[in-house]
Amino acid sequence: MLGNAAKIDPVKIQREFSLILAPGEVVEHAYQLVRDYFVFTDKRFVLVDKQGITGSKTEYHSIPYKSITHFSIETAGTFDLDAELKIWISGTAAPIQKQFNKKLSIYEVQSVLASYVLR
């Protein structure tokens, strides 16, 4: 299960993000990867990196949707059971990569991302 994503309740994340959200900003979708997670708000994409053994130190990477230059999905295969999402940010050569198991539809995540990036 290591590295696989699962959908989490945006209302829970809205409360956790209360100190870093802009006035009126709303968490609409969230997905968790063991300790780390990423969040789609109505204004930006946020990667949350829990650091250290206890995960008590947290780094928040805020990425405006306009900075996402392109993205791709790779669906799960017969022997490779994980799907993968890649997101390229302007000014960086390597994409952000996240893996998803079959419990979460990579098509759903791609659709959510597309709805924000293609506005």
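Look up a bit, the structure's there.
Reading the values: rules and limits
Residues numbered from 1 in each chain as written. Predicted model: local features only at pLDDT ≥ 70, side-chain atom pairs only at ≥ 80, totals over all residues. Heavy atoms only, no water. Phe/Tyr/Trp six-rings, centres within 6.5 Å; stacked < 30°, edge-to-face > 60°. Buried < 20%, exposed > 50% of the residue type's maximum accessible area, 1.4 Å probe, protein only. Salt bridge = Lys/Arg side-chain N within 4 Å of Asp/Glu carboxyl O. Helix = DSSP H or I, 4+ residues; strand = E, 2+ residues; numbered from the N terminus.

K.L.:
Can you walk me through the packing of aromatic side chains in this structure?
P.N.:
Each aromatic ring pair is summarised here by two numbers: the centre-to-centre distance and the angle between the ring planes. For the structure shown, the criterion picks out nine aromatic pairs. Where Tyr31 meets Phe40, the ring centres are 6.2 Å apart and the plane angle is 85°; that geometry is what we call edge-to-face. Both residues of the pair, Tyr31 and Phe40, count as buried. For the pair Phe38 and Phe45, a centre-to-centre distance of 5.7 Å together with 65° between the ring planes defines the contact as edge-to-face. Residue class for Phe45 comes out buried when judged on its relative accessible area of 1%. Members of the aromatic cluster, each reached through a chain of ring pairs, are Tyr31, Phe38, Phe40, Phe45, Tyr65 and Tyr116.

K.L.:
How should I be thinking about the pattern of salt bridges in this particular structure?
P.N.:
Any two side chains of opposite charge can pair, so long as their charged atoms come close to each other. Taken as a whole and judged by the stated rule, the model has four salt bridges. Between Arg44 and Glu25 there is a salt bridge, with the nearest N and O atoms lying 2.8 Å from each other. In this pair, Arg44 is assigned in strand β4 (residues 44-51) and Glu25 in the loop between α1 (10-16) and β2 (27-33), connecting sequence segments 19 residues apart. Arg44 sits in the buried class, given a relative accessible area of 16%.

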